[in-house]
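# Chains, contacts and geometry: an overview
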Amino acid sequence: MNSTPASAKPNVLILGGTTEGSELARLIADDDRIAPVLSLAGRTKSPKLPPIPYRIGGFGGIDGLTRYLREQHIDAVIDATHPFAERMTANAVAAARQTGVPLLRIDRPAWRPVAGDRWTVVADMNAAARALGPTPRRVFLTIGQKDLAAFRAAPQHHYVIRSVDPPAREALPPDCAVISATGPFGLDAERRQLQQERIDVIVTKNSGGMATAAKLTAAREAGIEVIMVERPPTPDVDTVPSAEAALNWLERLAAGPHRTASPTRRSE
Ligand code: NAP
């Protein structure tokens, strides 16, 4: 915890790159009780810039983030990174411990299978590539760019890869088509996509949220299998499910001496 006077606005670092990070930025843009800064990793070429102060690029590991929190007199950190941004989340937990700065995580609920779904749940991308099996299939890969290389080990399949920015060539499996697109994706568009590309199976991370959920409905309707990569373990930090709930936490922080009552601690 930094020694900002109780009367000053709390300085809040939001680790973003997600719908929730952008949503929180929008919610607090006109709130003069809070001094926020949104942090983006700098992965996407043309990120949508927030209506609040922002910074772009890594901090330099745990030490770099710890230094940043101290130098910028940060009073609270909101970790609104993606459920699969495992390293950034671990760094935030470690830096918050070292500095005593309160940390809240926004963790959007995971998707759950419903009647009619044909999900094969796997632990990681290598397991997902193996789960495709030996027979050539037409695979819709909606996993972003980072983990594509795992599918080079299953070159018998044709892959339709959708990602925000074009992936590096060396990461691609040999037989593939790349679609650069940014969500949200509507149900009609997803139905068309599966049909046009004659998709047999979808591979996705269990990201949760609405922006990319329509493909699951389209798959269910068409009886298409979904290979669902499970989330990494949830860190043991105070967690809320939405930007609105994070805003409530921040409002309590702004009203108090910049130390808040903890929300529910979740360790599922
Ligand atoms: P990661 O593997 O957990 O993080 C790798 C490194 O990237 C971190 O150690 C940190 O570098 C830097 N970094 C990550 N998020 C950052 C942020 N918000 N601000 C500043 N630096 C950040 O992360 P990732 O999975 O590559 O994700 C990168 C970004 O894309 C995150 O903002 C995440 O929310 C977003 N995103 C990820 C996914 C996904 O599936 N992984 C999907 C959608 C959006 P230093 O160690 O140098 O600080």
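Values in this document were obtained by computation on a predicted structure and should not be read as measured data.

## Digging into the nonpolar core
In this structure, L132, L141, F151, Y159 and V203 are the most contacted members of the largest nonpolar core, which totals 22 residues. Breaking this core down by element, the ones donating at least two residues are α4 (125-131), β7 (138-142), β8 (158-163), β10 (201-205) and β11 (225-229). When residues in this core are grouped by element, the largest group, four residues, is from α4. With near-sequence residues (within four places) excluded, F151 lies in contact with M125, A128, A129, L132, L141, I143, Y159, P173 and V203. Within the second largest apolar cluster, 21 residues are counted, among which are L24, L38, L40 and A243.

## Digging into helix α7 (residues 243-255)
Taking 1.5 Å as the rise per residue, α7 with 13 residues should run 18 Å; its terminal C-alpha atoms sit 18 Å apart, in good agreement. Considered for burial, the residues of α7 that qualify are A243, A246, L247, W249, L250 and L253. Down the axis, α7 shows its buried residues gathered within 160 degrees of arc, on one side only. Taken together, the buried residues of α7 touch β1 (11-15), α1 (19-28), β4 (76-79), β5 (103-106) and β12 (239-240).

## Focus on the site of the ligand
In the region of the ligand, 23 residues are neighbours, and G16, S39, F59, K146 and K205 sit closest. Within the backbone of H82, a nitrogen or oxygen atom sits 3.0 Å from an oxygen atom of the ligand. E86 has a polar backbone atom sitting 3.3 Å from an oxygen atom of the ligand. Elements with a contribution of two residues or more to the shell around the ligand: β2 (35-40) and α3 (86-99). Among the elements that take part in the shell around the ligand, α3 stands out by supplying four residues, more than any other. A per-class count over the shell around the ligand returns six nonpolar, eleven polar and six charged.

## What to know about the environment of V37
Topologically, V37 is positioned in strand β2. Linking V37 and P53, residues 16 residues apart in sequence, is a C-alpha distance of 4.9 Å. Dropping the residues within four chain positions of it, V37 is found in contact with V12, L13, I14, P53, Y54, R55 and Y68.

## Focus on the packing of α1 against α7
The N-to-C vectors of α1 and α7 enclose an angle of 50 degrees; their axes lie 9 Å apart at closest approach. One element, α1, and the other, α7, form an angle in the oblique class. The hand of the α1/α7 crossing is right-handed. On α7, the residues touching E20, E23, L24, L27 and I28 of α1 are A243, E244, A246, L247 and L250. Tallied by class, the residues present in the contact of α1 with α7 amount to seven nonpolar, no polar and three charged.

Criteria and cut-off values
Residues numbered from 1 in each chain as written. Predicted model: local features only at pLDDT ≥ 70, side-chain atom pairs only at ≥ 80, totals over all residues. Heavy atoms only, no water. Core = buried A, V, L, I, M, F, W, Y, C linked by side-chain atoms within 4.5 Å. Buried < 20%, exposed > 50% of the residue type's maximum accessible area, 1.4 Å probe, protein only. Helix = DSSP H or I, 4+ residues; strand = E, 2+ residues; numbered from the N terminus. Contact = heavy atoms within 4.5 Å. Expected span 1.5 Å × (residues − 1). Arc of directions from axis to C-beta. Near = heavy atom within 4 Å. Polar contact = N/O pair within 3.5 Å; in protein donor to acceptor, adjacent residues only side chain to side chain. Nonpolar A, V, L, I, M, F, W, Y, C, P; charged D, E, K, R; others polar. Axes fitted to C-alpha atoms, helices over the stretch in contact; angles between N-to-C directions. Parallel < 35°, antiparallel > 145°, perpendicular 65-115°, else oblique. Left-handed = near helix turned anticlockwise from the far one by under 90°.

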